[in-house]
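Results of the structural survey
Listed here are the chains, written in short residue letters.
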Amino acid sequence: MTAKTFAQKAIERASGVADLVPGQIVDAFPDLYMSHTASWRCIRTLEKMGVEQLYDVDRVAMVMDHLSPAMNAKTAADHALCREFAQKMGVKNFFDVNSGIAHIVLMEHGLVRPGQFIIGTDSHSTIYGALGAFGTGVGFSEITAAWVTGKLWVKVPESVRIVIDGDLAPGVYAKDIMLKLIGDLGADGLTYESVEFSGSYVEGMSVSERMTFCNLAMEMGAKNAFVAPDDTTLAYLDEAGVPRDELDILLPDEGATYRATVRLDGPTLAPQIAVPHTVDNVVGVGDVAGTKLDQVFIGSCANAKYDDLVIAADVLAGHRVAPGLRLIVTPASAKIMAQASDSGVLTKLIQAGAMITNPGCGACAGNGGAMADGETTLSTANRNFQGRMGSYDSKIFLSSPATAAASAIRGVITDPREIVATAVVA
Amino acid sequence: MGSEHRVGGKVITFGENVNTDVIIPGRYLVSIDPAELAEHAFEPLGPETQERLRASDVVVAGRNFGCGSAREQAATCLIGAGIKAVVAASFSRVFFRNAINTGLVAVESPAAAEAATDGGEMWVDYDAGTVEVGGQTFPFSPYPQVLREIMADGGLIPHLMASFAGGKQ
């Protein structure tokens, strides 16, 4: 038997075709079809096809996350269409505008499991690799086609291993590692490839940090990303209500073939920043420290999970947001928001001057938090493309939540280690 | 039938890593109408670029065209703008899928992309697997069978409807 990568095994399981090799194209049957705010487009496409019978309605998952709550009549009508469709078709996994970001909501609800093959109308569907699933983004027509036929064509990717050993210095986080990798490998460094993360740092990561990793792998063009399930994964799945006897974990074989192995040394890394207008335009925080900010956004499927909010609140403790700066915090999900409410994290953020919005994609998807001409935002999201947050003549920098919070205090891009050091002395 | 596989005309060139937010900004995703979307294609690059786009037939770009979001409208808006084919040094994987699934010819050919000139002419025959530009012909690997069938029917949804009508699965 030839040793296999995770991607080979996952696509073999989803397609029922044995001994796949990279480059081969097969029909795969996904375990879950996620559609977010794009769901209405799928429904309209289904209507156009004149089909009423779905392949397996229980594999349909809809989450109203990008434009929530609706800000105009058109979006409200789109949401209403989705609600009616879910009701009519018996879609159990329908999550309305109060739920949060699709990826996080589905994982919290036990709908993402190790070894599964999952497609979503969102490029950051690579995030499902945080729980050992094969997740990949597709267009809305493909989700509609999967609703009807249960399948889609998939090319078996080559695989790349990224190994990160050692601990990180204080003030340096999973986001900084990913920004560094994206800067080094480029926006197309891993196009069409499956990425497997490993190494002592990765083994020690929380599921939240694994989400940050697998989410941002997309910014190098990856088809999917993967962290091997372990006790940390199992504990998360327990909490999500997934029975252990239903798990069917897939792990890559020893000796599988990788196109490349990339290594990064954790302890030597400093906080990183992606500079406008591409995610792979990455520098150390020192290179852009002092850049004036109008807004800081802590949100998105990359970095608005509970631990991200805690990190931000800790940095902000005893400080106020700089005069004139807008700090927007958008928890990734209702569950995370409730947890942050219970623990007092939200209160701390509010007392520091933050504006808390409802859970969802928020400003990352251009829903609130827009910028005027000439303005600059530091964001914990995953994209800084021109015009993504308002004016085409505005700028987005990307960072970790710690760097974002530290920068909100000073009103300029700030190395979080300076604020933390001050706090310790005080 | 051969002529249906040959598309082309006037070229508009772009650089590397052209992302989906530049191709079609997120604020316009409330529409799926190709003509309406075309109004806003490449809006961040300004009206001059948009005007040239509408007067062109082939988009030529460097590496990683269509990187970023999974938004299918990044392909649809080009179709609405009258674009027949996109030839790039490479594509992001989601854009490539969306192009095929919406019936937009997408060809990866670094050499042809390099040889193209803004305002010049380019023709793509996706059945033969050739790109003609500046008197030169560049071969590329023809689409795999499954993609050819989708393209032949004008995209994924028309392809499925045709196969249902034909009683195939």
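Numbering of residues starts from 1 in every chain and runs along the sequence as written. Chains carry letters and ligands carry numbers; both start at the beginning, A for chains and 1 for ligands, and go up in the order they are written. Note on the predicted model: pLDDT of at least 70 is required for a residue's local features to be given, and 80 or more for side-chain atom pairs to be given and counted; whole-chain, interface and lining totals, by contrast, use all residues.

**Observations regarding the overall build of chain A**
On a plain count of helices and strands, chain A comes out with 15 helices and 18 strands. For a compact globule the rule gives 2.2 Å times the number of residues to the power 0.38, and the radius of gyration it is set against comes from C-alpha atoms. Expected size for 426 residues packed as a compact globule is a radius of gyration near 22 Å; at 21 Å, chain A falls within 12% of this value. Taken along its principal axes, the extent of the C-alpha atoms in chain A is 60 × 55 × 40 Å. Three exposure classes are used, all based on how many other C-beta atoms lie within 10 Å of a residue's own C-beta (placed from the backbone): buried at 20 or more, exposed at 12 or fewer, and partly exposed between those limits. Here chain A holds 426 residues, and the buried ones make up 58% of them. Once local pairs closer than 6 in sequence are excluded, the contacts in chain A between residues at least 24 apart make up 77%. Helix and strand assignments come from DSSP, with helices taken as H or I runs of at least 4 residues and strands as E runs of at least 2, each series counted from the N terminus. By definition, residues are in contact whenever their C-beta atoms, placed on the basis of the backbone, come within 7 Å of each other.

**Considerations on the sheet that holds strand β2 (residues 58–61) of chain B**
The pairing of strands in a sheet happens through backbone hydrogen bonds and is either parallel or antiparallel. Residue and element names in this part refer to chain B. Strand pairing follows a simple DSSP-based rule, namely that at least 2 bridges must link the two strands. Taken in spatial order, the seven strands line up as β4-β3-β2-β1-β5-β6-β7 in an open sheet, and their pairing is mixed. Either end of the sheet is taken by a strand with one partner, and the two such strands are β4 (105–108) and β7 (136–139). Adjacent strand axes in the sheet meet at a mean angle of 25° when their direction is disregarded. Both strand β3 (residues 85–88) and β4 contribute to a ladder of four bridges, which runs parallel. By the bridge assignment, Val86 is partnered in β4 with Ala106. Here an angle of 0 to 180 degrees is reported between the N-to-C directions of two axes, which are lines fitted to C-alpha atoms, with helices fitted over the stretch in contact.

**Details of the confidence of the model for chain B**
Per-residue confidence from the predictor is reported as pLDDT, a score between 0 and 100. Mean pLDDT for chain B: 94, with 96% of residues reaching 70 or above. Our summary of model confidence lists the complex with pTM equal to 0.97 and ipTM equal to 0.95.

**Re the sheet that holds strand β6 (residues 134–137) of chain A**
Residues and elements named next belong to chain A. In space, the five strands of this open sheet follow the order β4-β3-β2-β5-β6, with parallel pairing throughout. Strands at the two margins of the open sheet, each flanked by one partner only, are β4 (93–95) and β6. Shown here is a sheet whose adjacent strand axes are inclined to one another by a mean of 15°, direction ignored. Bridge count for strand β2 (residues 32–35) against strand β5 (residues 117–120) is three bridges, and the pairing is parallel. Bridge pairing in β5 links Tyr33 to Ile119.

**Some words on helix α5 (residues 93–102) of chain B**
All names here are of chain B. A large share of α5 lies buried, amounting to 10 of its 10 residues. Taken residue by residue, α5 has Arg93, Val94, Phe95, Phe96, Arg97, Asn98, Ala99, Ile100, Asn101 and Thr102 as its buried positions. Gly103 lies just past α5 and shows a positive phi near 85°.

**So, the interface of chain B and chain A**
Residue-level contacts link 31 residues of chain B with 37 residues of chain A. Looking at the side of chain B that touches chain A, the elements that each hand over two or more residues are α1 (20–23), α5 and α8 (156–165) of chain B. At six residues, the largest contribution of residues to the side of chain B that touches chain A is made by α5 of chain B. Here the term charged refers only to Asp, Glu, Lys and Arg, the term nonpolar to Ala, Val, Leu, Ile, Met, Phe, Trp, Tyr, Cys and Pro, and the term polar to all other amino acids, Gly among them. By residue class, the composition of the side of chain B that touches chain A is 14 nonpolar, 11 polar and six charged.

**Here we look at the nonpolar core**
Put simply, a nonpolar core is buried Ala, Val, Leu, Ile, Met, Phe, Trp, Tyr and Cys residues tied into one set by C-beta atoms within 7 Å. Of all hydrophobic cores here, the largest spans 195 residues; its most connected members are Ala217 and Ala312 of chain A together with Ala41, Leu78, Val86 and Val87 of chain B. With residues near it in sequence (within four places) discarded, Leu78 of chain B still touches Ala41, Val59, Ile83, Val86 and Leu104 of chain B.

**Considering the environment of Ser99 of chain A**
Residues and elements named next belong to chain A. Following the sequence through the fold, Ser99 ends up in the loop between β4 and α4 (102–108). For the pair Ser99 and Gln87, spaced 12 residues apart in sequence, the C-alpha to C-alpha distance is 17 Å. The contacts of Ser99, once residues within four sequence positions are left out, are Val63, Val105, Ser333 and Ala334.

**Remarks on unusual backbone geometry**
Here the residue pair Ser68 of chain A and Pro69 of chain A is connected by a cis peptide bond, since its omega of -10° sits within 30 degrees of zero. In this chain, Pro276 of chain A is followed by His277 of chain A through a cis amide linkage whose omega measures -5°. As for its placement among the helices and strands, His277 of chain A is situated in the loop between β12 (272–274) and β13 (282–284). Positive phi, normally seen in glycine, also occurs at Asp19 of chain A, with a value near 55°. Relative to the helices and strands, Asp19 of chain A resides in the loop between α1 (6–15) and β1 (25–28). Phi at Phe42 of chain B is positive, roughly 60°, even though this residue is not glycine. Looking at the secondary structure, you find Phe42 of chain B in the loop between α2 (34–38) and α3 (47–54). Here Phe42 of chain B falls in the buried class, since 25 other C-beta atoms lie within 10 Å of it.

**Structural notes on the packing of helix α4 (residues 73–80) of chain B against α5 of chain B**
Residue and element names in this part refer to chain B. Where α4 meets α5, the axes come as close as 8 Å, and the angle between the chain directions of the two elements is 50°. Taken together, the axes of α4 and α5 lie oblique to each other. Considering the relative orientation of α4 and α5, their crossing is right-handed. Residue-level contacts link Ala74, Ala75, Thr76 and Ile79 of α4 to Phe95, Asn98, Ala99 and Thr102 of α5. Residues of the contact of α4 with α5, tallied by class, amount to five nonpolar, three polar and no charged. Any angle that is under 35 degrees is reported as roughly parallel, and any over 145 degrees as roughly antiparallel; angles of 65 to 115 degrees are reported as roughly perpendicular and all others as oblique. Handedness of a crossing is defined here by the sense of rotation of the near helix relative to the far one, left-handed for an anticlockwise turn of less than a right angle and right-handed for a clockwise turn.

**Side note on the pairing of strand β5 (residues 121–125) of chain B**
All names here are of chain B. Where strand β1 (residues 6–13) and β5 come together, five bridges link them in antiparallel fashion. Each residue of the ladder has a partner; that of Gly8, found in β5, is Trp123. Pairing of β5 with strand β6 (residues 130–133) involves four bridges; the strand directions are antiparallel. Bridge assignment links Val124 to a residue of β6, and that residue is Val131. Between β5 and β6, which pair antiparallel one after the other, the connecting turn spans four residues, and Gly129 there sits at a positive phi close to 80°.

**Quick notes on the pairing of β2 of chain A**
Residues in a regular strand point their side chains to alternate faces of the sheet. With burial as the criterion, each face of β2 of chain A is covered, one bearing Leu32 and Met34 of chain A and the other bearing Tyr33 and Ser35 of chain A. If you view a crossover with the strands going away from you and the path from the first strand over the helix to the second runs clockwise, you call it right-handed. For the segment spanning β2 of chain A, helix α2 (residues 39–49) of chain A and strand β3 (residues 60–63) of chain A, crossover handedness is right-handed.

**Focus: the packing of helix α5 (residues 140–149) of chain A against α8 of chain B**
Relative placement of two packed helices is described by the angle separating their axes and the distance separating the axes. Remark: α5 of chain A packs on α8 of chain B, axes separated minimally by 9 Å, with the N-to-C direction vectors making an angle of 25°. By the angle between their axes, α5 of chain A is roughly parallel relative to α8 of chain B. Residue-level inspection shows Ser141, Glu142, Thr144, Ala145, Val148 and Thr149 of chain A of α5 of chain A in contact with α8 of chain B, the latter providing Leu156, Ile157 and Leu160 of chain B. Class assignment for the residues of the contact of α5 of chain A with α8 of chain B results in five nonpolar, three polar and one charged.

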